[in-house]
Amino acid sequence: MPKKDEMNFFEQVFEVVKLIPPGKVTSYGAIAKYLGMAKSSRMVGWAMNQSHFLKDKIPAHRVVNRNGMLTGKAHFENHEQMKFLLEKEGLLIKNDTIMNFEKHFWNPADELKL
DNA sequence: GTCATGACAAAGA
DNA sequence: TTCTTTGCCATGA
């Protein structure tokens with residue numbers, strides 16, 4: 001168990017993101033709400049930015065905004081990578097937006113049942 | 001300690 | 001409906 005100081009909200013975000021099953025996506029707000037920071041959805045996106053510096057593989061491509069739009073694609077090494085990974089998992093991307101977003105939506109609060 | 005920024009979200013025009 | 005504004009809070013300068 002990491003120390004309390006090391007369990008900052010970033011790691012909690014990473015834990016949730018890593019639990020996202022393949023072929024599923026979630027929103028920043030959903031993660032934020034699950035962690036009890038519904039009003040700090042921006043911090044989730046901030047955490048994702050830090051995820052690139054982590055050794056752990058964070059499936060950040062499965063996290064999009066509430067519209068299902070790939071707003072974070074610009075932060076990937078290749079802009080096509082995010083779309084590619086999602087399509088590879090069976091999702092349909094059109095114009096940087098996930099089609100049937102609700103259908104593939106993965107709600108941590110519902111799946112993890114805190 | 002104050003100010004600016006950020007991969008968002010909700011409300012208003 | 002789309003575009004703009006406001007709130008939110010953790011980081012870094």
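As a reminder, the structure under discussion sits directly above these lines.
Residues numbered from 1 in each chain as written. Chains lettered and ligands numbered in written order. Predicted model: local features only at pLDDT ≥ 70, side-chain atom pairs only at ≥ 80, totals over all residues. Heavy atoms only, no water.

How should the overall build of chain A be read in this particular structure?
Each helix and strand in chain A was counted, giving 6 helices and 4 strands. Relative to its length of 114 residues, chain A is compact, with a C-alpha radius of gyration of 13 Å against a globular reference of 13 Å. Across its three principal directions, the C-alpha atoms of chain A cover 40 × 30 × 25 Å. Within chain A, the proportion of its 114 residues that are buried is 35%. A sequence separation of at least 24 residues applies to 66% of the contacts in chain A between residues at least 6 apart. For chain A, the exposed area adds up to about 7600 Å²; of that, 50% sits on carbon and sulfur atoms. Where the 17 positive side-chain charges of chain A centre and where its 13 negative ones centre are 4 Å apart. (Helix = DSSP H or I, 4+ residues; strand = E, 2+ residues; numbered from the N terminus. Rg over C-alpha atoms; globule rule 2.2 N^0.38 Å. Buried < 20%, exposed > 50% of the residue type's maximum accessible area, 1.4 Å probe, protein only. Contact = heavy atoms within 4.5 Å. Areas by Shrake-Rupley, 256 points an atom, 1.4 Å probe, with all protein chains shown as cover. Lys, Arg positive; Asp, Glu negative; His and termini not counted. Charge placed at Lys NZ, Arg CZ, Asp CG, Glu CD.)

Hey, could you run me through the protein's contact with DNA strand C in this one?
Close to DNA strand C lie F9, F10, K39, S40, R42 and M43, which account for all nearby residues. Each atom of DNA strand C within 4 Å of the protein was assigned to sugar, phosphate or base; sugar and phosphate come to 61%. The side chain of S40 places a nitrogen or oxygen atom 3.1 Å from a sugar or linking oxygen of DNA strand C. R42 has a polar side-chain atom sitting 3.1 Å from a base oxygen of DNA strand C. (Near = heavy atom within 4 Å. Polar contact = N/O pair within 3.5 Å; in protein donor to acceptor, adjacent residues only side chain to side chain.)

Help me understand helix α3 (residues 41-51), please; the structure alone is not making it clear to me.
Note that an α-helix has 3.6 residues per turn; residues three or four places apart therefore point the same way. Among the residues of α3, those classed as buried are V44, A47, M48 and S51. End-on view of α3: buried residues confined to an arc of 105°, all on one side of the axis. Across from the buried face of α3, at angles greater than 90 degrees, the exposed residues are R42 and W46. (Arc of directions from axis to C-beta.)

In this structure, what is going on with the protein's contact with DNA strand B? I would like to understand it.
Taken together, 19 residues are adjacent to DNA strand B, and R42, M43, W46, H52 and R66 come closest. Of everything in DNA strand B that lies within 4 Å of the protein, sugar and phosphate atoms constitute 49%. With respect to DNA strand B, the side chain of R42 contributes an N or O atom lying 2.2 Å from a base nitrogen. In the model, a base nitrogen of DNA strand B is placed 3.1 Å from a nitrogen or oxygen of the M48 main chain.

Read these as spatial facts, not as claims about activity.
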